[in-house]
Amino acid sequence: MPTDGSEMTASVTGPPRIQDQLFAAGRSSRAKYVDLFVGRPGLAALIRYEAIVMLSQARSGALGLVLRKALYPALLGSCGRNVVFGQNVVLRHPHKIHIGSNVVIDDNCLLDAKGDDNAGITIGAGVFVGRNTILSCKNGDIVLGDGANVGFNCEIFSAARVVVGRHALLAAYVYLIGGDHDRSDASRAVSAQERTAAGVRVGEGAWLGAGAKVLDGVEIGDGAVIGAGAVVRRAVPAGAVAVGVPARVVGSRDAAAPVPGPEAR
C-alpha cells in the first residue's frame with residue numbers, strides 16, 4: 001500500500017536536458033548557473049550559496065564537519081538537529097531540501113531537488129545516506145521516511161514521486177528509477193521523445209539487496225525482501241521475497257502465508 005496516503009499516477013513531461021539549459025542562447029552564464037544549482041533568483045541568494053560552498057563543502061577533517069553542520073542549514077528549506085554532512089556533499093536547489101534530526105549524509109553525496117514546481121527532497125529523522133549516493137529530482141519528489149537506510153553508491157531518480165518507507169533498508173548500488181521514456185516512435189531517438197513518470201514506492205521495513213533495480217511505476221509492499229541484483233518490473237506484495245531478472249516472488253517472510261500464484265508473479 002502507499003506509504004504516504006496518495007495514489008501512484010503516471011504523468012508525461014517533456015525531456016528536460018541539462019545541455020539545453022547550459023547552452024540556451026540569450027541567457028547569461030550567471031543566470032544558467034543559478035537555475036541549475038542555486039534555484040533562487042537574486043544576487044543575495046547566489047552570494048550566500050557560493051560563500052557557504054567555498055567555505056565548507058570540500059573542507060576535510062573535523063573543521064569541515066563543524067562548518068557544514070553550522071552553515072548548510074542556512075541553505076536548506078528546513079533542517080533538524082544533529083545532522084552530519086560529509087565532505088563534498090553537493091546541494092542543488094537546497095531551499096527545496098528538508099532534513100529531519102539525527103541524519104547522516106555521507107561523503108560525496110548529491111542532493112539535487114531541481115524542478116520548476118516540485119516539492120523536492122524530504123529526508124526524515126534518523127536516516128542514513130551512504131557515500132557516493134545520488135538523490136536526483138527531474139521535477140519530481142523524493143521522500144525518505146524516518147529511519148530509512150540508503151547504502152553506498154545508490155541512486156534514487158524521480159521525475160514523479162519516489163517514496164522510501166520508514167525503516168526501509170537499501171543495500172549498496174540499489175537504483176530506484178522513478179521515470180521512463182516513451183519509445184513508441186522508432187524513427188526518433190529515445191532521448192528526444194517524451195518522458196513518462198509514475199513513481200516508485202518502497203514499503204516500510206522493506207529490504208532491497210545489493211544492486212537491485214526498481215523500475216518506474218513499481219510498488220514494493222511493507223516488509224518485502226528483494227534479492228541482490230534483482231530487476232523489479234511489477235508490484236511485490238507486502239512480506240514477499242522476490243529474486244531474479246525479472247524479479248519473481250519465490251516465498252514469504254511469513255511461513256504461514258501462501259506464496260502468490262504465477263499470475264501474481
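Now for a quick tour of the structure. Just so it is clear, the structure is predicted and the values come from calculations on it, not from any experiment.

1. As for the nonpolar core
At step 1: Among the nonpolar cores identified, the biggest contains 55 residues, and Leu111, Ile123, Leu144, Leu176 and Leu208 are the most heavily contacted of them.
At step 2: Element by element, the count of residues in this core is highest for helix H3 (residues 43-57), at 4 residues.
At step 3: Excluding its chain neighbours within four sequence positions, the residues that come into contact with Leu208 are Leu169, Leu170, Ala171, Val174, Leu176, Val202, Val214, Ile220 and Ile226.

2. Remarks on the pattern of salt bridges
At step 1: Summed over the entire model, instances satisfying the criterion amount to 6 salt bridges.
At step 2: Two residues, Glu204 and Arg166, come together in a salt bridge whose shortest N-O distance is 3.2 Å. With a gap of 38 residues between them, Glu204 in the loop between strand E19 (200-202) and strand E20 (207-208) and Arg166 in the loop between strand E14 (161-164) and strand E15 (169-170) connect regions that are remote in the sequence.
At step 3: If you follow the salt bridges from partner to partner, you end up with Arg92, Asp112 and Lys114 in one network.

3. Observations regarding the side chain of Lys114
At step 1: Residue position: Lys114 is located in the loop between strand E7 (110-112) and strand E8 (121-123).
At step 2: Classification of Lys114 by relative accessible area gives buried; the value is 13%.
At step 3: One polar contact links Lys114 to Asp112, side chain to side chain, over a distance of 2.6 Å.
At step 4: Ignoring anything within four residues of it in the chain, the contact list for Lys114 reads Asp35, Leu36, Arg92, His93, Lys96, Cys137, Lys138 and Asn139.

4. A look at H3
At step 1: With 15 residues, H3 extends 20 Å from end C-alpha to end C-alpha; this agrees with the ideal 21 Å at 1.5 Å per step.
At step 2: Those residues of H3 that sit buried are Ala45, Leu46, Tyr49, Ile52, Ser56 and Gln57. Angular distribution of buried residues about the axis of H3 spans 145°; they occupy a single face of the element. Seen from the open side of H3, the exposed residues pointing more than 90 degrees away from its buried face are Ala44, Ile47 and Met54.
At step 3: On its buried face, H3 sits against helix H2 (29-38), helix H4 (61-71) and strand E4 (90-92).

5. What to know about the sheet that holds E4
At step 1: Read from one edge of the open sheet, 7 strands run E4-E7-E10-E13-E16-E21-E24, paired in parallel fashion. Only two strands of the sheet have a single partner each, and these edge strands are E4 and strand E24 (231-232).
At step 2: Sheet topology note: the E7/strand E10 (residues 134-137) ladder contains 3 bridges and is parallel. Following the sheet pairing, Leu111 is matched in E10 by Leu135.

6. Details of the sheet that holds E8
Strands pair in a sheet through their backbones, by hydrogen bonds, and they do so in one of two ways: parallel or antiparallel.
At step 1: Strand order in the open sheet made by the 7 strands is E2-E5-E8-E11-E14-E19-E22, with parallel pairing throughout. Only two strands of the sheet have a single neighbouring strand rather than two, namely strand E2 (78-79) and strand E22 (219-220).
At step 2: Here E8 pairs with strand E11 (residues 141-144) via 3 bridges, running parallel. Bridging across to E11, Ile121 finds its partner in Ile142.

7. Brief notes about the packing of aromatic side chains
At step 1: Counted by the stated rule, this structure contains 2 aromatic pairs.
At step 2: Summarising the aromatic geometry, the rings of Tyr33 and Phe37 are spaced 4.8 Å apart at their centres and angled 25° between planes, so their arrangement reads as stacked. Here the residue Tyr33 and the residue Phe37 both occupy positions in helix H2, the gap between them amounting to 4 residues, near one helical turn.
At step 3: On the basis of relative accessibility, which here comes to 30%, the residue Tyr33 falls in the partly exposed class.
At step 4: The class of Phe37 is partly exposed, set by a relative accessible area of 23%.
At step 5: Between Tyr72 and Phe85, the ring centres sit 5.0 Å apart and the planes meet at 55°, which makes this aromatic pair tilted. Separated by 13 residues along the polypeptide, Tyr72 in the loop between H4 and E2 and Phe85 in strand E3 (residues 84-85) bring together distant segments of the chain.

8. Points about the packing of H2 against H3
Two quantities define a packed helix pair, namely the angle between the axes and the distance from one axis to the other.
At step 1: The contact between H2 and H3 brings their axes to 11 Å, and the two run at 65°. Judged by the twist between their axes, the crossing of H2 over H3 is left-handed. Within the contact between the two elements, H2 uses Arg30, Tyr33, Val34, Phe37 and Val38 and H3 uses Leu43, Ala45, Leu46, Tyr49 and Glu50.
At step 2: Looking at side-chain class alone, the contact of H2 with H3 contains 8 nonpolar, no polar and 2 charged residues.

About the cut-offs
Residues numbered from 1 in each chain as written. Predicted model: local features only at pLDDT ≥ 70, side-chain atom pairs only at ≥ 80, totals over all residues. Heavy atoms only, no water. Core = buried A, V, L, I, M, F, W, Y, C linked by side-chain atoms within 4.5 Å. Buried < 20%, exposed > 50% of the residue type's maximum accessible area, 1.4 Å probe, protein only. Helix = DSSP H or I, 4+ residues; strand = E, 2+ residues; numbered from the N terminus. Contact = heavy atoms within 4.5 Å. Salt bridge = Lys/Arg side-chain N within 4 Å of Asp/Glu carboxyl O. Polar contact = N/O pair within 3.5 Å; in protein donor to acceptor, adjacent residues only side chain to side chain. Expected span 1.5 Å × (residues − 1). Arc of directions from axis to C-beta. Pairing = 2+ DSSP bridges. Phe/Tyr/Trp six-rings, centres within 6.5 Å; stacked < 30°, edge-to-face > 60°. Axes fitted to C-alpha atoms, helices over the stretch in contact; angles between N-to-C directions. Left-handed = near helix turned anticlockwise from the far one by under 90°. Nonpolar A, V, L, I, M, F, W, Y, C, P; charged D, E, K, R; others polar.

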